[in-house]
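Coordinate analysis (summary)
The lines below spell out each chain.
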Amino acid sequence: MFSIRKATTDDCLLIRNLASQIWEPTYGSILSREQLDYMFEMMYAPESILNQMDELHHEFFIIYKDGEPSGYLSIETVEKDLYEFQKIYSLPSLHGSGIGRFIIEQGVAYLKTIHPGPFTVELNVNRENPAIGFYKHMGFHEHATRDFHIGNGYYMNDYIMRMEVAN
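Our subject in this report is the structure included herewith. (Residues numbered from 1 in each chain as written. Predicted model: local features only at pLDDT ≥ 70, side-chain atom pairs only at ≥ 80, totals over all residues. Heavy atoms only, no water.)

A separate point is the pairing of strand β6 (residues 141–151). Judged from the nine bridges that link them, β6 and strand β7 (residues 154–165) form a sheet pairing that is antiparallel. In the sheet register, Glu142 faces β7, and the bridge partner there is Met161. Taking the residues that link successive antiparallel strands as the turn, the β6-β7 hairpin has two residues, and the phi of Asn152 there is positive, at about 60°. (Pairing = 2+ DSSP bridges. Helix = DSSP H or I, 4+ residues; strand = E, 2+ residues; numbered from the N terminus.)

Right, let's get into the sheet that holds β6. In a beta sheet, neighbouring strands are held together by backbone hydrogen bonds and run either parallel or antiparallel to one another. Here seven strands make up an open sheet; going across it, the order is β1-β2-β3-β4-β5-β7-β6 and the pairing mixed. Where the open sheet ends on each side, the last strands, each with one partner, are β1 (2–6) and β6. Recorded for the sheet is a direction-independent mean angle of 30° between the axes of neighbouring strands. Inspection of the sheet shows strand β4 (residues 82–90) paired to strand β5 (residues 119–126) by three bridges, in the parallel sense. Across the sheet, residue Glu84 finds its bridge partner in β5, namely Glu122. Helix-sheet contacts for helix α4 (residues 99–114) involve β1, β2 (59–65), β3 (68–79), β4, β5 and β7, and the interaxial angle to β4 is about 150°. (Axes fitted to C-alpha atoms, helices over the stretch in contact; angles between N-to-C directions. Contact = heavy atoms within 4.5 Å.)

The angle between the axes and the distance between the axes are what describe a pair of packed helices. Two elements in contact, helix α1 (residues 12–27) and helix α2 (residues 33–44), have axes separated by 11 Å at closest approach and are oriented at 155°. Between α1 and α2, the angle is such that the two are roughly antiparallel. Seen from above, α1 lies across α2 with right-handed handedness. Side by side, α1 and α2 meet where Ile15, Arg16, Ala19, Ser20, Trp23, Glu24 and Tyr27 of the first sit next to Arg33, Leu36, Met39, Phe40, Glu41, Met43 and Tyr44 of the second. Residues that form the contact of α1 with α2 fall into these classes: nine nonpolar, one polar and four charged. (Parallel < 35°, antiparallel > 145°, perpendicular 65-115°, else oblique. Left-handed = near helix turned anticlockwise from the far one by under 90°. Nonpolar A, V, L, I, M, F, W, Y, C, P; charged D, E, K, R; others polar.)

The phi angle at Asp66 is positive, at roughly 50°, despite the residue not being glycine. With respect to the helices, strands and loops of the structure, Asp66 is situated in the loop between β2 and β3.

This part is about the pattern of salt bridges. A complete count under the given rule lists 11 salt bridges for this structure. Here the residues in one salt-bridge network are Glu24, Arg33 and Asp37, joined through shared partners. (Salt bridge = Lys/Arg side-chain N within 4 Å of Asp/Glu carboxyl O.)

For the coordinates displayed, the defined rule picks out 14 aromatic pairs. Between the aromatic rings of Phe2 and Phe102, the centroid separation amounts to 5.5 Å while the plane-to-plane angle is 35°, which identifies the pairing as tilted. You can see Phe2 sitting in strand β1 and its partner Phe102 sitting in helix α4, a full 100 residues away along the chain. Judged by relative accessible area, Phe102 falls into the buried class, the value being 16%. When the centroid spacing of 5.4 Å and the interplanar angle of 35° are considered together, the rings of Phe40 and Tyr44 count as tilted. A residue pair is termed a helical-turn pair when its members lie 3 or 4 positions apart in one helix, as Phe40 and Tyr44 do in helix α2 at four residues. Aromatic rings pair up to connect Trp23, Tyr27, Phe40, Tyr44, Tyr72 and Tyr89 into one cluster. (Phe/Tyr/Trp six-rings, centres within 6.5 Å; stacked < 30°, edge-to-face > 60°. Buried < 20%, exposed > 50% of the residue type's maximum accessible area, 1.4 Å probe, protein only.)

What follows deals with the side chain of Asn126. Its location among the elements puts Asn126 in strand β5. Overall, the relative accessible area of 5% leaves Asn126 in the buried class. In this structure the side chain of Asn126 is engaged in a polar contact, spanning 2.7 Å, whose partner is the backbone nitrogen of Glu128. In contact with Asn126, not counting residues within four places along its chain, are Ile30, Leu31, Ile132, Met156, Asn157 and Asp158. (Polar contact = N/O pair within 3.5 Å; in protein donor to acceptor, adjacent residues only side chain to side chain.)

Take a look at the structure:
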């Protein structure tokens, strides 16, 4: 059984630990070792997670399977009717178990509690990531293609995927 709870700043190390189990299996066949290491430290150093929570106001959630931490989600308010799922990850051993559907459904359900009308959810997904099919199945569509410079000469080559939500 899956469950979810809102993360606090006390969860920075838990999020980093989960990311350390998820990051390489997710991107190891897409990105170079150097880019993997660079991005991991850029995004998952405890200070970076804390900054995302406190300064950038990303809301993090921890996902559990049978009481064990198994994934995480972060949501950013981009503008009035637009939210971005900044991070949506689960342990690779749970892919195909329904955890991805649970995370997306819970993220949308949370947004419905804080947003009174229709809104859009956006996420970035690497154009080589096989999860694109899953996101399409969940109701997202390819909205745009962008190459993001992330520093140190590295780029993320992403689709910007969107889902319209009626509330």
